[in-house]
Amino acid sequence: MNLKNDLADPVHASTAVGHRQTRVARSNDGPCSSGSMTSTSTNLHFHGLTVPPVCHQDDVLKTSIQSDDPPFEYRFRIPDNEPPGLYWYHPHIHGFSTAQVLGGLSGAMIVEGIERANPEVAGLPERVLVIRDQDLLNPKAPPNKSEPGRSEDAD
C-alpha cells in the first residue's frame, strides 16, 4: 500500500502540544524516524489487525510522513490466521488524528473468510457501509432535550 501525503500548506501547519514545529533532520530511514508531527504530517494505523508496530508496517510513534515526502510504501502480510471481518485504517499522528479522520483520511479493509468461521453466511451478498461521524458546528452545545434516553427533567 502506497501513501502519498497531499495534506496542504506545510508553511502554516500548526503543531500539536509537546511536538516540534521545525522539521527534524532525517536519518537514512526518512519518515521512519522523522519525529516531526504537524497538521500536515500523517501515517497509517491498521486498527485491529495483527501487524507488527515497526516502520513500513504499523508504527505510529516514529513514522511521520510529510507532504514533501515521496510516496511511502507500507509492506505487511496479514497473517493466515487473522480472524475474518471488517477492519479499518486511519492516520495516527498524535494531536492531529481526529481532524484527519473527520476530513476523510480513513478506509475499510476486508479480511475474507467469514464463511469458514460461520458456514451459514456462505453465498450471502456482502455490503460495506462506512459511516463517518462529524463534529457539531458548536461542539460545546448541550445535548438536545429530545435526544433518545434524555428525560425532560434531566436538567
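Provided above is the structure to which this section pertains.
The following paragraphs examine the structure supplied in this document. What you are looking at is a predicted structure, and each value in this text was computed from that prediction instead of being measured. (Residues numbered from 1 in each chain as written. Predicted model: local features only at pLDDT ≥ 70, side-chain atom pairs only at ≥ 80, totals over all residues. Heavy atoms only, no water.)

### Here we look at the overall build of the chain
Okay, so step 1: The helix and strand tally for the chain stands at two helices and five strands.
Okay, so step 2: Going residue by residue from the N terminus, the α and β elements of the chain occur as β-β-β-β-α-β-α.
Okay, so step 3: Buried residues in the chain amount to 30% of all 155 residues.
Okay, so step 4: For the chain, the accessible surface area stands at approximately 10500 Å², while carbon and sulfur atoms represent 55% of it. (Helix = DSSP H or I, 4+ residues; strand = E, 2+ residues; numbered from the N terminus. Buried < 20%, exposed > 50% of the residue type's maximum accessible area, 1.4 Å probe, protein only. Areas by Shrake-Rupley, 256 points an atom, 1.4 Å probe, with all protein chains shown as cover.)

### Things to note about the environment of Gly85
Okay, so step 1: Along the chain, the position of Gly85 falls in strand S4 (residues 85-90).
Okay, so step 2: As for Gly85 and Met109, which are separated by 24 residues in sequence, their C-alpha atoms are 8.4 Å apart.
Okay, so step 3: With residues up to four places along the chain from it excluded, the contact list for Gly85 reads Met109, Ile110 and Val111. (Contact = heavy atoms within 4.5 Å.)

### Quick look at the pairing of S4
Okay, so step 1: Relative to S4, strand S2 (residues 45-47) is paired through three bridges, and the arrangement is antiparallel. Bridged to Phe46 within S4 is Tyr89. (Pairing = 2+ DSSP bridges.)

### Some remarks on the pattern of salt bridges
Okay, so step 1: Counted by the stated rule, this structure contains three salt bridges.
Okay, so step 2: Arg75 is paired through a salt bridge with Glu73; the nearest N and O atoms lie 3.4 Å apart.
Okay, so step 3: For Arg75, a relative accessible area of 45% puts it in the partly exposed group.
Okay, so step 4: Residue classification places Glu73 among the partly exposed residues on the basis of a relative accessible area of 38%.
Okay, so step 5: A salt bridge links Arg116 to Glu115, with the nearest nitrogen and oxygen atoms 3.8 Å apart.
Okay, so step 6: According to the relative accessible area criterion, Arg116 is exposed, its value standing at 65%. (Salt bridge = Lys/Arg side-chain N within 4 Å of Asp/Glu carboxyl O.)

### Quick word on the state of the cysteines
Okay, so step 1: What the rule picks out here adds up to one disulfide.
Okay, so step 2: Two residues share a disulfide in this structure: Cys32 and Cys55, whose sulfurs sit 1.8 Å from each other. Handedness here is read from the sign of the S-S torsion; for Cys32 and Cys55, about -75°, the answer is left-handed. Placement of the pair is Cys32 in the loop between strand S1 (2-3) and S2 and Cys55 in the loop between S2 and strand S3 (72-73), with a sequence separation of 23 residues. (Disulfide = S-S within 2.5 Å.)

### Things to note about the packing of aromatic side chains
Okay, so step 1: Counted according to the given criterion, the structure contains four aromatic pairs.
Okay, so step 2: Relative to Tyr74, the ring of Phe46 has its centre 5.5 Å away and its plane inclined at 75°; by these criteria the two rings are edge-to-face. Of this pair, Phe46 sits in strand S2 while Tyr74 sits in the loop between S3 and S4, and the two are 28 residues apart along the sequence. For the pair Phe46 and Tyr74, one class covers both residues: buried.
Okay, so step 3: Pairing Phe46 with Phe76 gives two aromatic rings, centres 4.6 Å apart and planes at 50°, and the pair type is tilted. (Phe/Tyr/Trp six-rings, centres within 6.5 Å; stacked < 30°, edge-to-face > 60°.)

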